Structures are given as C-alpha cells and as structure tokens.
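# Breakdown of the fold
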Amino acid sequence: MAVFLDFDGTLADLAERPDQVSVPGETLHALQRLKRSLDGALAIITGRPIDDIDKFLAPLVLPVAGVHGLERRRAGGERMAAPVDQEKFGLLRERLQSFADANPGLLLEVKQGSMALHYRQRPDLAEACAAAVGAALTGLDGFHVLHGKMVIEVKGGTATKADALAAFMREEPFRGRVPFFAGDDVTDEDAFHEIARLSGISIKVGRGTTAALFRTDGTASFRHWLGSLADSFDAAK
C-alpha cells in the first residue's frame, strides 16, 4: 500500500486561523510507525506549503505535495515547484489584501504561488468574498480558483492534488503499490477520482457529496482508525 493523506480536516482539526492547528502526539507516532512499516511510502498531499507541514509534523519529515500540487518534495528530498507569473500574482495579492483589510475578520493567507481568503470568522461574507475574488481576477489569466471549507483559494497554474498523487505513484517507493488517499474537502475530490482510476482505496473524512469509496464521521474518528492501521501493520511484522 502507498498512503497519501490530506492535512487540514484529516490529520488536524480545522481552526479559526491556519496557524492555530496541531496534530496530536499519538497521531504523529502513528505516522512514524506507518512510514516505517510502508518503507517510506507515506506522503502528505495538501493545500498547505511544504514548510508548514514540516513544522506541524516535526520531527517527522515526509514526502509532501503542497499548495494543491504547485510544489512537491519527493521521497529522496528533491523539491520542485510550478512557475507562477509574479507580476500578476503581486497585483492579485494587492487587490485581495485591500478587500481583506476593509473587512475585519477576514484573513488573506499568502503562499508560494497561491493565496487563500479565509472567512471562517465572517461566514456572513461568503458571497462577498466570492465576488471579490472574481473581481480581483479581472484581466488576470493563468489562475485557478478552489472553493474549500470557509476559504476561497486562488493559485497559479492548473496542477491539482490528483496530478501530485499520480506523480508520486510513478516514483519509488510508491510505484507498484495500491494507492490509498484520505481527505475531507471538495479540493480532495480530484485525488479521489485519480484513486478510482488507479483502482485504489479512498476515504472521505466528514460530510459532503464525494467520489470516495468509504467515509468516516470526522477527523477524530479518522485519526483513531489511522492508529489502528499502524497497529495492524506493526502486528503483521
């Protein structure tokens, strides 16, 4: 098996701000044991930057696809990133930051090649945020809009989590294994479809229409199941 996991809403509970999340110690231990049992075929596929994942999972270091596939670190440590037009990116950032500054409670999270407008503290502004993103993209091509849980993300290029998963599956130590992916958000659906194409196993964490084969109630239940999976691999060895 090759195991791929989303981060927010899957390993870590969602929080008011992106920097307020954490991964329980027992889950970190389960990930360490899975990495060992799977001979390294364990990766994170997330909207977060790679450096954020390293911080939250320290001291564990895993292969990671960050910013919805815009950047990726292979199992051997090599990093790569898709090019982004920095002039257009800067203009988009100015437009969205002005909107966020004018509406207390909104947060614009800027990443490498992507930015996310969070409105978890202002759900009343959901429609206004969508309109603001549309207006900010006027005259700017080459960007892709993703709608998540209380967040709208705009990223350069067209890379997806499915692209990242497929790339990992062409490389060692993932090649030739049965792929497994778990995620909680609409941004994970591309990866669920890729898992289906590869005849793999998929789990949707929480509610919502999904292409995943299986479902678990929420983050806590998935973390518990992940610990049981690590136990079963340990017992098999």
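As a reminder, the structure under discussion sits directly above these lines.
Here's what I pulled together on the structure shown here. As the structure is a prediction and not an experimental result, all values here were calculated from the model.

## A closer look at the overall build of the protein
In terms of regular secondary structure, the protein is built from seven helices and 12 strands. In summary, the protein has a C-alpha radius of gyration of 18 Å against a globular reference of 18 Å for 237 residues, a match within 12%. Taken along its principal axes, the extent of the C-alpha atoms in the protein is 55 × 35 × 30 Å. Per-residue burial over the protein gives 53% buried out of 237 residues. Taking the contacts inside the protein whose residues are at least 6 apart along the sequence as the reference set, 56% of them involve residues at least 24 apart. For the protein, the accessible area works out to roughly 10800 Å², and carbon and sulfur atoms hold 52% of it. Mean positive and mean negative side-chain charge positions of the protein (28 and 33 charges, respectively) differ by 3 Å.

## Considerations on the pattern of salt bridges
Scanning the entire structure with this criterion turns up 20 salt bridges. Between R79 and D51 there is a salt bridge; the shortest N-O distance is 3.1 Å. Taken together, the positions of R79 in strand β5 (residues 79-81) and D51 in helix α2 (residues 50-57) put the pair 28 residues apart, joining distant regions of the chain. A salt bridge links D184 to K149, with the nearest nitrogen and oxygen atoms 2.8 Å apart. A residue pair is termed long-range when its members are at least 10 positions apart, and D184 in the loop between β10 (179-183) and α6 (189-197) and K149 in the loop between β8 (143-148) and β9 (151-156) qualify at 35 residues. Residues joined by salt bridges that share partners form a network here, namely R33, R36, D231 and D234.

## A few points about α6
All of the buried residues along α6 are E189, A191, F192, E194 and I195. Two residues or fewer past α6, S199 is found with a positive phi of approximately 60°.

## A short note on the side chain of R223
In this fold, R223 is placed in helix α7 (residues 219-236). Looking at R223, the relative accessible area reads 14%, which means it is buried. Looking at R223, its side chain comes within polar contact range of the main-chain oxygen of L11, at 3.0 Å. Other than its neighbours up to four places away in sequence, R223 contacts T10, L11, A12, D13, P24 and T27.

## Section: the packing of helix α3 (residues 86-101) against helix α4 (residues 126-136)
Running from amino to carboxyl end, α3 crosses α4 at an angle of 155°, the nearest separation of the two axes being 9 Å. Taken as axis vectors, α3 and α4 run roughly antiparallel relative to one another. As α3 runs across α4, the sense of the crossing is right-handed. Packed against α3, whose contacting residues are L92, R95, L96 and F99, the element α4 presents A128, C129, A132, V133, A135 and A136 at the interface. Grouping the amino acids of the contact of α3 with α4 by side-chain chemistry returns nine nonpolar, no polar and one charged.

## Quick look at the sheet that holds β9
Strand order in the open sheet made by the four strands is β6-β7-β9-β8, with antiparallel pairing throughout. Each edge of the open sheet carries a strand with a single partner, namely β6 (107-111) and β8. Adjacent strand axes in the sheet meet at a mean angle of 15°, parallel and antiparallel pairs treated alike. Note that strand β7 (residues 114-118) and β9 share five bridges and pair antiparallel. By the bridge assignment for β9, S114 is matched with K155. The sheet strands contacting α4 are β7, β8 and β9, and the helix crosses β9 at an angle near 15°.

## Some words on the sheet that holds β10
Working definition: the strands of a sheet are paired by backbone hydrogen bonds and lie parallel or antiparallel to each other. The sheet built from eight strands is open, its strands ordered β5-β4-β3-β2-β1-β10-β11-β12 with mixed pairing. On the outer flanks of this sheet lie β5 and β12 (214-216), each paired with one strand and no other. Pairs of neighbouring strands in the sheet enclose a mean axial angle of 15°, with direction left out of account. Against the sheet, α2 contacts β2 (42-45), β3 (64-66), β4 (71-73) and β5, and its axis sits at roughly 45° relative to β4.

## Regarding the side chain of N103
In this structure, N103 sits in the loop between α3 and β6. Side-chain polar atoms of N103 contact the backbone oxygen of F99, separated by 2.8 Å. The residues contacting N103, other than those within four sequence positions of it, are R122 and L125.

What counts as what
Residues numbered from 1 in each chain as written. Predicted model: local features only at pLDDT ≥ 70, side-chain atom pairs only at ≥ 80, totals over all residues. Heavy atoms only, no water. Helix = DSSP H or I, 4+ residues; strand = E, 2+ residues; numbered from the N terminus. Rg over C-alpha atoms; globule rule 2.2 N^0.38 Å. Buried < 20%, exposed > 50% of the residue type's maximum accessible area, 1.4 Å probe, protein only. Contact = heavy atoms within 4.5 Å. Areas by Shrake-Rupley, 256 points an atom, 1.4 Å probe, with all protein chains shown as cover. Lys, Arg positive; Asp, Glu negative; His and termini not counted. Charge placed at Lys NZ, Arg CZ, Asp CG, Glu CD. Salt bridge = Lys/Arg side-chain N within 4 Å of Asp/Glu carboxyl O. Polar contact = N/O pair within 3.5 Å; in protein donor to acceptor, adjacent residues only side chain to side chain. Axes fitted to C-alpha atoms, helices over the stretch in contact; angles between N-to-C directions. Parallel < 35°, antiparallel > 145°, perpendicular 65-115°, else oblique. Left-handed = near helix turned anticlockwise from the far one by under 90°. Nonpolar A, V, L, I, M, F, W, Y, C, P; charged D, E, K, R; others polar. Pairing = 2+ DSSP bridges.

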